[in-house]
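Examining the three-dimensional arrangement
Single-letter residue listing:
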Amino acid sequence: MRRGCKRAQWIIAVILSALAAGRRLDAAGDNRQLLDHQTHVYKKGEVVQMFANHVGPYHNPSETYQYYTLPFCQPKGGKQYITEDLGEVLEGDRLVTTPFEIKFQQDVEHQQLCNKTLDAKELDMLRTAVARDFYFQMFFDDDLPVWGFVGKTERNKQAAAGTAQQQQSDLRFFLFTHFHFDIAYNGDNVIEVNVSTSASDPRRTRDITTASSLPVEFSYSVKWQPTAVQLEDRMDRYSRISFLPQHLEVG
């Protein structure tokens, strides 16, 4: 599948796959227990939790693995799993804490998550994940879903015109090491969150094609913007999606 510029399309596919599996993302029917109105209220500078859920291949949304199956940065005090109800566990959800420290209405230009040296086993695992178009899923402010890709593959133009063996041997694997969050708020409520993984920024991707050991810095940034959308309407953008594109470009 050719990678293009329409990243939003794969998000639609993942959302709809979740809906097809019986998990509604709209406020009226979500299996996740939504926070009440008072719990969603934040003061400026107050931490808003970001929990990780799972990773898995884009082309098979029913195949999922726990988030820390891949060697992502963990919280300094160690990861902690969140108690969930039986329905969520049966659906494969396993929320876990992350090291992101996102504070309400406070922009972050660049914050290090961790420095780590990836070993041969971890790099092989990441190459497999990137080759299979693995994405991650997180939840912000308890019930706002966030998706992003783990990495990307590239091949040069000469290889694209060659044999299948030449194409495979020239395939390169890149790991995304930076997460950028765009977050919308209305008054003291979080309304929307999106993540980009700097696919086009070579400073924030690492070539993991042949390395057997690789030092990597993982980092993140945050940008807050006001919006007119009300808290009770924040899940509407998910429930409005009603069709599944048959041909997608992964951007």
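Residues numbered from 1 in each chain as written. Predicted model: local features only at pLDDT ≥ 70, side-chain atom pairs only at ≥ 80, totals over all residues. Heavy atoms only, no water.

Right, let's talk about the overall build of the chain for a bit. Assigned secondary structure in the chain consists of six helices and 14 strands. Burial statistics for the chain: of 251 residues in total, 46% are counted as buried. A separation of at least 24 residues holds for 75% of the contacts in the chain among residues at least 6 apart in sequence. A total accessible area of about 13000 Å² is found for the chain, and carbon and sulfur atoms account for 48% of it. (Helix = DSSP H or I, 4+ residues; strand = E, 2+ residues; numbered from the N terminus. Buried < 20%, exposed > 50% of the residue type's maximum accessible area, 1.4 Å probe, protein only. Contact = heavy atoms within 4.5 Å. Areas by Shrake-Rupley, 256 points an atom, 1.4 Å probe, with all protein chains shown as cover.)

One open sheet holds the four strands; their spatial order is S6-S14-S11-S12, and the pairing between them is mixed. Edge positions in the open sheet fall to strand S6 (108–118) and strand S12 (189–196), since each of these has one partner strand only. Averaged over all neighbouring strand pairs, the angle between strand axes comes to 20°, with direction disregarded. (Pairing = 2+ DSSP bridges. Axes fitted to C-alpha atoms, helices over the stretch in contact; angles between N-to-C directions.)

For the rest of this paragraph, the subject is the sheet that holds strand S9 (residues 151–154). The strands making up a sheet are joined through hydrogen bonds of the backbone, oriented either antiparallel or parallel. Taken in spatial order, the three strands of this open sheet run S9-S10-S13, and their pairing is antiparallel. Each edge of the sheet is formed by a strand with only one pairing partner; in this case those strands are S9 and strand S13 (205–207). Across the sheet, the axes of successive neighbouring strands diverge by a mean angle of 25°, strand direction being ignored. The pairing of S9 with strand S10 (residues 172–176) spans four bridges and is antiparallel. Looking at S10, one finds that glycine 151 is bridged to leucine 175. Seen against the sheet, helix H3 (residues 120–131) touches S9 and S10 and runs at an angle of roughly 100° to S10.

This part takes up the pairing of strand S7 (residues 134–140). Remember that side chains alternate between the two faces of the sheet whenever the strand is regular. Counting buried positions along S7 yields seven of seven residues, so the element is predominantly enclosed. Burial along S7 is two-sided: the face carrying Phe134, Phe136, Met138 and Phe140 and the face carrying Tyr135, Gln137 and Phe139 are both buried. The pairing of S7 with strand S8 (residues 144–149) spans six bridges and is antiparallel. Along S8, the bridge assignment pairs phenylalanine 139 with proline 145. Between the antiparallel neighbours S7 and S8 lie three residues, among them aspartate 141 with a positive phi of about 55°.

So, about the confidence of the model for the chain. The predicted model of the chain has a mean per-residue pLDDT of 79, with 70% of residues at 70 or higher. Of the regions scoring below 50 in pLDDT, residues 1–36 engages in 91 contacts with residues more than four places distant in sequence or in other chains. (pLDDT = per-residue confidence, 0-100.)

Another aspect to go through is empty space enclosed by the protein. Scanning all chains against the criterion turns up two cavities of 30 Å³ or more. One number sums up the size of the largest cavity: a volume of about 50 Å³. Lining of the largest cavity is provided by Tyr67, Tyr68, Phe72, Cys73, Thr98, Pro99, Phe100, Leu113, Phe179 and Phe218. Its residues placed into classes, the lining of the largest cavity shows nine nonpolar, one polar and no charged. The volume enclosed by the second largest cavity comes to roughly 40 Å³. As for the second largest cavity, its lining consists of Phe72, Phe136, Phe149, Val150, Leu175, Phe176 and Phe179. Split by residue class, the lining of the second largest cavity holds seven nonpolar, no polar and no charged. (1 Å grid on protein atoms, 1.4 Å probe; cavity = no way out; pocket = protein on both sides within 12 Å on 5 of 7 lines; lining within 4 Å. Points joined across faces, edges and corners; volume = space filled by probe spheres on them. Nonpolar A, V, L, I, M, F, W, Y, C, P; charged D, E, K, R; others polar.)

As enumerated under the stated definition, the model contains one disulfide in all. Residue cysteine 73 pairs covalently with cysteine 114 via a disulfide, S to S 1.9 Å. Across the S-S bond of cysteine 73 and cysteine 114 the torsion is about -70°, and the bridge reads as left-handed. Placement of cysteine 73 in the loop between strand S3 (65–66) and helix H2 (86–90) and of cysteine 114 in strand S6 is noted, with a sequence separation of 41 residues between them. By the burial criterion, cysteine 73 is buried, and cysteine 114 matches it. (Disulfide = S-S within 2.5 Å.)

The biggest cluster of nonpolar side chains holds 54 residues, and the ones touching the most others in it are Ile102, Phe140, Phe181 and Trp224. No other element matches the six residues that strand S14 (residues 214–226) contributes to this core. Leaving out residues up to four positions away in the same chain, tryptophan 224 has contacts with Val48, Ile102, Lys103, Phe104, Gln105, Gln106, Asp107, Phe140, Ile183, Tyr185 and Val190. (Core = buried A, V, L, I, M, F, W, Y, C linked by side-chain atoms within 4.5 Å.)

Over its twelve residues, H3 extends 16 Å from the first C-alpha to the last, a length consistent with the 16 Å expected when each residue adds 1.5 Å. Looking only at H3, the buried set comprises Leu123, Leu126, Arg127, Ala129 and Val130. Here the buried residues of H3 occupy an arc of 165° about the axis, which is enough to place them on one side. Those residues of H3 that are buried lie in contact with S6, S7, S9, S10 and S14. The N-cap of H3, judged by a side-chain oxygen 3.2 Å from the amide nitrogen of lysine 121 a few residues on, is aspartate 119. Just downstream of H3, aspartate 133 is the residue with a positive phi angle, here 55°. (Expected span 1.5 Å × (residues − 1). Arc of directions from axis to C-beta. Polar contact = N/O pair within 3.5 Å; in protein donor to acceptor, adjacent residues only side chain to side chain.)

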